[in-house]
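Take a look at the letters that make up each chain.
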Amino acid sequence: MESMRPGLPVTGQPVTGQPITGLSIAIVGPGRAGAAVGRALVTAGHQVRAIHSRTQAGRERAAALFPAAEICVTPAQAAALADVVLLGVPDDSIEQTAARIAPGVARTPAVLVAHLSGRHGIAPLAPAAEVGARPAAIHPIMTLTGAATDPDRLVGATFGVTTAPGDEDTAGLVRRLVEGIGGRVAVIPEERRASYHAALVLGGNFLATLVTAAGQLLAAAGVPDPAQALGPLLRMSLDNALAHGEDAMTGPVRRGDVGTVTAQWSELTRRDPHLADAYGALAVLTADRLERSGLLPARTAAALRAGVARPDDSPHGP
């Protein structure tokens, strides 16, 4: 099936740095990420032309957000209408979805097919690439909540991007799309996607877990407004960590207060063994990193590790 639209530059043509506008977009899986990126692309001068969602609620929400888009019955039907196909589906569904859109992207000019997952590179897009699509992973490093302000959060955000090695046309095209919505590109090699995403989970998702747990402990200790109490501390700690790394670490592990760390770990063991395990693991991680950096004596680091070790724990160190 030949595309009658101007479409994307054909592979092999040089991609200039000129801004791109007027591309047609299909979104398969218009959840938080798909909707936010889609709306940002509309603001940048593109058109969301087609949508596919598995659920009625998803279709209704997409119709409200993109009233000019055609709501398609199948992913392939949506993909057949667009120059760019965005897959906003769960990580484990990307490859299956790529296979389902393949009939709609087997045409020229070559269609850009991009998923929005942090975990994966382009490997799960193989079924679409095999019929001529240009695969890419385009992952915004930003928490998206489904709010109306989500597209604004993408301005200034970094996007972890993976394209096929040596495919400078697609890499340049993706860069122009990301920069067109105000984002910044970080090129992530395929083999480093797992480490890349693990870093974001550690720093983002688990941060929310730790903050929530800290707030609940403060409430149990009698602090009337845990969020208000924690806010200034957390913001300052985050700013210092981003600016100074391990030199910004403070607290009982940094000071080598073995008795304090052991007492807190024991109290948490009594209250919530799972939280105690997390506290112990973080204490060990902190001690290890401080020791490696020369900021904590080896003897003190060993004592801290021993202070949070359960009887069946194996010895560990830096």
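Thresholds, definitions, all that
- Residues numbered from 1 in each chain as written.
- Predicted model: local features only at pLDDT ≥ 70, side-chain atom pairs only at ≥ 80, totals over all residues.
- Heavy atoms only, no water.
- Core = buried A, V, L, I, M, F, W, Y, C linked by side-chain atoms within 4.5 Å.
- Buried < 20%, exposed > 50% of the residue type's maximum accessible area, 1.4 Å probe, protein only.
- Helix = DSSP H or I, 4+ residues; strand = E, 2+ residues; numbered from the N terminus.
- Axes fitted to C-alpha atoms, helices over the stretch in contact; angles between N-to-C directions.
- Parallel < 35°, antiparallel > 145°, perpendicular 65-115°, else oblique.
- Left-handed = near helix turned anticlockwise from the far one by under 90°.
- Contact = heavy atoms within 4.5 Å.
- Pairing = 2+ DSSP bridges.
- Polar contact = N/O pair within 3.5 Å; in protein donor to acceptor, adjacent residues only side chain to side chain.
- Right-handed = clockwise from strand over helix to strand, strands pointing away.
- Nonpolar A, V, L, I, M, F, W, Y, C, P; charged D, E, K, R; others polar.

> How would you sum up the nonpolar core? Please name residues and give values.
Inside soluble globular proteins, nonpolar side chains tend to come together where they are buried. Judged by nonpolar contacts, the single largest core of 31 residues is most densely connected at Ile25, Leu86, Ile138 and Phe159. Counting only elements with at least two residues in this core, the list comes to β1 (24-28), α1 (32-43), β2 (47-52), β4 (84-87), β5 (112-115), β6 (134-140), β7 (158-163) and α7 (168-180). In terms of nonpolar packing, the next biggest core, distinct from the first, is built from 20 residues, Cys72, Ala79, Val105 and Ala128 among them.

> Give a detailed account of the packing of helix α8 (residues 193-221) against helix α9 (residues 226-244), specifying residues and quantitative values.
Relative orientation of the contacting elements α8 and α9 amounts to 130°, with a least axis distance of 9 Å. Taken together, the axes of α8 and α9 are oblique relative to one another. In terms of crossing hand, the pair formed by α8 and α9 is right-handed. Residues Val211, Ala214, Gly215, Leu218 and Ala219 of α8 touch α9, and the partners they reach there are Pro226, Ala229, Leu230 and Leu234.

> Describe in detail the sheet that holds strand β8 (residues 184-187), supporting the description with residues and values.
One open sheet holds the 8 strands; their spatial order is β3-β2-β1-β4-β5-β6-β7-β8, and the pairing between them is mixed. Unpaired on one side and paired on the other, β3 (70-71) and β8 mark the two borders of the sheet. α1 rests against β1, β2 and β4 of the sheet, and its axis sits at about 170° to β1.

> Break down the side chain of histidine 115 for me, with residues and values.
Assignment of secondary structure puts histidine 115 in strand β5. A polar atom in the side chain of histidine 115 sits 3.4 Å from the backbone oxygen of histidine 120. Excluding residues within four positions of it along the chain, histidine 115 makes contact with Leu87, Ile94, His120, Gly121, Leu125, Ala136, Ala137 and Ile138.

> Which residues make up the pairing of β4, and what values do they have?
Remark: a regular strand shows side chains that alternate across the two faces of the sheet. Of the two faces of β4, the one carrying Val84 and Leu86 and the one carrying Val85 and Leu87 are both buried. Looking at chain direction, β1 and β4 are connected through 4 bridges and run parallel. Its bridge partner lying in β4, isoleucine 25 is registered against valine 84. As judged from the 4 bridges shared by β4 and β5, these two strands associate in the parallel manner. Across the sheet, residue valine 85 finds its bridge partner in β5, namely valine 113. Crossover β4 to β5 through helix α4 (residues 94-105) is right-handed.

> Would you mind going over the packing of helix α11 (residues 258-271) against helix α12 (residues 273-292) in detail, with residue names and values included?
The geometry of α11 relative to α12 is characterised by a closest axis approach of 6 Å and an angle of 155° between their N-to-C directions. Classified by the angle their axes make, α11 and α12 are roughly antiparallel. Mapping the contact onto sequence places Val261, Gln264, Trp265, Leu268, Thr269 and Arg271 in α11 and Pro273, Leu275, Ala276, Tyr279, Gly280 and Ala283 in α12. Residues that form the contact of α11 with α12 fall into these classes: 8 nonpolar, 3 polar and 1 charged.

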